[in-house]
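Each chain, written out:
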Amino acid sequence: MMQMRDWVIGLIGVIIGALGVLSLIGILPFELSRGVLIWVAAIAGIILLYAAIVEITNSNIMGTVSIIAAGIVLIISLLPALNGIGWLGDWASLSWIGEAVYKIIVVVEGALLAIATFAMEL
């Protein structure tokens, strides 16, 4: 039976995915800066990591895909986020990764979180 956490994670995934798609095609009424995209990707990566752990404990193959994606996303987004608040040096800024890459990452995270809505219960 579907639990409330499943629906909340799915709703977060739909919102994050829609934010990424709309900003990628440029129809948002406001522009998301690189810093905001980094923090959105980092927070969504932590939520995706939680969902992946739940999926793995339910013996679901999507959990393996989600945990690999969450690990990659957390490395790519958490290092610049921590650098932005002064915890890490300039080596962690990853300034060579562009804004469009973070938008694509947010879209992928949103899709995986939306899939996790149903995959956490299989």
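This structure is a prediction, so every number in the text was calculated from the model and none was measured.

A. Summary view of the nonpolar core. Within the largest apolar cluster, 24 residues are counted, with the highest numbers of intra-cluster contacts made by Ile9, Leu48, Ala51, Tyr102, Leu113 and Met120. Residue contributions to this core peak at seven residues, all from helix H2 (residues 34-57). Beyond its immediate chain neighbours, meaning those up to four positions away, leucine 48 contacts Ser66, Ala69, Ala70, Glu109, Leu112 and Leu113.

B. Seen up close, the confidence of the model for the protein. Looking at the protein, pLDDT values average 88 and 100% of them are 70 or higher. Averaged pLDDT values over the elements of the protein bottom out at 90 in helix H3 (residues 61-84) and peak at 92 in helix H1 (residues 4-25).

C. The arrangement of the pattern of salt bridges in detail. One pass over the structure, following the stated rule, counts three salt bridges. Linking glutamate 31 and lysine 103 is a salt bridge whose minimum nitrogen-to-oxygen distance equals 3.5 Å. Highlighted residues: glutamate 31 in the loop between H1 and H2 and lysine 103 in helix H4 (residues 99-119), separated in sequence by 72 residues. Residue classification places glutamate 31 among the exposed positions, given a relative accessible area of 60%. According to the relative accessible area criterion, lysine 103 is buried, its value standing at 9%. Note that glutamate 99 and lysine 103 form a salt bridge whose closest N and O atoms lie 3.5 Å from each other. Linking glutamate 99 with lysine 103, this pair stays in helix H4, spanning four residues, or about one helical turn. Sharing partners across several salt bridges, the network here consists of Glu31, Glu99 and Lys103.

Quick notes on the rules
Residues numbered from 1 in each chain as written. Predicted model: local features only at pLDDT ≥ 70, side-chain atom pairs only at ≥ 80, totals over all residues. Heavy atoms only, no water. Core = buried A, V, L, I, M, F, W, Y, C linked by side-chain atoms within 4.5 Å. Buried < 20%, exposed > 50% of the residue type's maximum accessible area, 1.4 Å probe, protein only. Helix = DSSP H or I, 4+ residues; strand = E, 2+ residues; numbered from the N terminus. Contact = heavy atoms within 4.5 Å. pLDDT = per-residue confidence, 0-100. Salt bridge = Lys/Arg side-chain N within 4 Å of Asp/Glu carboxyl O.

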